[in-house]
Amino acid sequence: MFKVDAIIDINQVTVDSTVFHLWLLWKVRMSSSRFLFSNGILSNTLDTPPVKLFLEAQPGAYTTSRTHNNASCFLFWERHMKRLSESIRILSTLAPHLLFKSNNSAIAPPSWTTLPIWQPTLQMLVDDSMQKVMPIAIKERVDCQELAVTTLVSGNLEELNACETIDEDRVGKILDVHVHIETYVPPAFGILGNGAHLALAGYGRHVAIAKYSDWVRIRKSLEKLRPPSVTELLLSNDGNHILEGCVTNFFVVCCKGQDSDDKANGNKYPFEVQTAPLSDGVLPGIIRQVVIEYDLIIDRLISFAALFS
């Protein structure tokens, strides 16, 4: 897990509660700065676009994590780095036009290249950028605000063509690393109005097993179909089998059929979590995998406990 070390001064203020809330609202608005660190260059915060616009303008593989515990660590950082490296490898093989960019429009993306991606090398490149931009973002945020961090990695065609061979030392030159940071407000759970409202619209993604920025542009046409009350659109290739959401994983919690084995093991109310398999064409989401692993652990614990009941 990527650790963030920072010292934050907290101003102690004793004022009327109304004044305090107005002050806090002003601080939140003033702290909505965004940061973009691209290949060692920090953009002016006024010039940094929202993350959606940034992703629409840049090809590449990306992943988004967020800070936790007062921006002291990131959630599932190692998993995000692993999936990012896998997405780069998959796109370089199956859809290089979704990964590579060039300042020269006459240079076409390769149709055959498979980039050998060493996860430790990729993580070193990303961590180097993070170490430089995170202290700045933390310093500018309002106390206790969390941060959303999007890491986008593109393939650089000029650097690729200049390399006769690709090894662990040269792969860093072929990849352009961008880190986009903005404030993140976690949704409040347990509130009726915050529940998801779903609608079915659109087919599954091309090269769904990889996470790439072009999907942000493609899904804009689906967003135009979204009814006002709907908060997420679900994808399906046949209208009967749900794949995933446009920006979320999708699960169904349902009752198992109570067969003789369930009754013999004492499972009166057996439940299971169902989600589309990767073979159907869905993204291997971080939360998706965590839920699957957790469900397997619970199932094994129930089976283990039944042996001693």
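Please read all numbers here as calculations on a predicted model, not as lab measurements. All residue numbers refer to position in the chain's written sequence, counted from 1. In keeping with the model being predicted, local features are shown solely for residues with a pLDDT of at least 70 and side-chain atom pairs are shown and tallied solely at 80 or more, while totals for entire chains, interfaces and linings include all residues. Heavy atoms throughout the structure, all of them, feed into the side-chain values; hydrogens and water do not.

**What to know about the pairing of strand β3 (residues 61-68)**
Let me state the cut-off plainly: Criterion used throughout: strands pair if DSSP finds at least two bridges between them. Segments assigned H or I by DSSP are reported as helices when at least four residues long, segments assigned E as strands when at least two residues long, and all are numbered from the N terminus.
For β3 and strand β6 (residues 146-156), the ladder comprises six bridges, and the chain directions are antiparallel. The residue of β6 that forms the bridge with A61 is V153. The sheet contact formed by β3 and strand β4 (residues 73-74) spans two bridges and is antiparallel. In the strand pairing of β4, H68 is matched with C73.

**Description of helix α4 (residues 119-140)**
Just so we agree on the cut-off: One less than the number of residues in a helix, times 1.5 Å, gives the span that helix is expected to have. To get the bend at a residue, fit one axis to the 7 residues ending there and another to the 7 starting there, then take the angle between the axes. For every residue, the accessible area (1.4 Å probe, protein chains only) is compared with the maximum for its type, and the residue is labelled buried under 20%, exposed over 50%, or partly exposed between those bounds.
In this model α4 runs 31 Å from its N-terminal to its C-terminal C-alpha over 22 residues, within 8% of the 32 Å that 1.5 Å per residue would give. Along α4, the sharpest change in direction is near 35° and occurs at V133; proline P135 comes one to four residues later. Within the span of α4, buried status applies to T121, L122, Q123, V126, D127, S129, M130, V133, M134, A137 and I138.

**Considerations on the confidence of the model for the protein chain**
Condition: The quantity called pLDDT is the predictor's confidence in a given residue, expressed from 0 to 100. Note on contacts: a residue pair is in contact if any heavy atoms of the two residues lie within 4.5 Å.
Of the residues in the protein chain, 77% reach a pLDDT of 70 or more, and the chain-wide mean stands at 80. Low pLDDT, under 50, characterises residues 1-31; the predicted model gives this stretch 36 contacts beyond four residues in sequence or across chains.

**Some thoughts on the packing of aromatic side chains**
Short version of the rule: Ring pairs are drawn from Phe, Tyr and Trp, using the six-membered ring of Trp, whenever the two centres fall within 6.5 Å, and their geometry is named by plane angle: stacked under 30 degrees, edge-to-face over 60, tilted for the rest. Placement of a charge over a ring requires the Lys NZ or Arg CZ to be within 6 Å of the ring centre, with the centre-to-atom vector within 35 degrees of the ring normal.
Scanning the model with the defined rule gives one aromatic pair in all. With a centroid separation of 5.0 Å and 35° between ring planes, the pair formed by F74 and W77 is classed as tilted. Note on W77: relative accessible area 2%, which makes it buried. Looking at R205, its charged tip hangs above the ring of W215, at a distance of 5.9 Å from the centre.

**Side note on the pattern of salt bridges**
Put simply, the rule is: Any carboxyl oxygen of Asp or Glu that lies within 4 Å of a side-chain nitrogen of Lys or Arg is treated as forming a salt bridge with it.
Counted according to the given criterion, the structure contains nine salt bridges. Notably, a salt bridge pairs E56 with K220, separated by 3.6 Å at the nearest N-O pair. Taken together, the residues span a long stretch of sequence, with E56 in helix α2 (residues 51-57) and K220 in helix α8 (residues 220-223) at a distance of 164 residues. Overall, the relative accessible area of 25% leaves E56 in the partly exposed class. Ionic pairing is found between E244 and R205, a salt bridge with its closest N-O pair at 3.4 Å.

**Structural notes on empty space enclosed by the protein**
How we decide: A 1.4 Å probe that fits but cannot get out identifies a cavity on a 1 Å grid over protein atoms alone, an open set with protein on both sides within 12 Å along at least five of seven lines counts as a pocket, and a residue lines either if it has an atom within 4 Å of a point. Grid points are joined across faces, edges and corners, and a volume is the space filled by probe spheres set on the points. Ten residue types, Ala, Val, Leu, Ile, Met, Phe, Trp, Tyr, Cys and Pro, are classed as nonpolar, four, Asp, Glu, Lys and Arg, as charged, and the remainder, Gly among them, as polar.
Counted by the stated rule, this structure contains two cavities of 30 Å³ or more. Space inside the second largest cavity adds up to approximately 30 Å³. Of the residues contributing to the lining of the second largest cavity, the split by class is four nonpolar, two polar and two charged.

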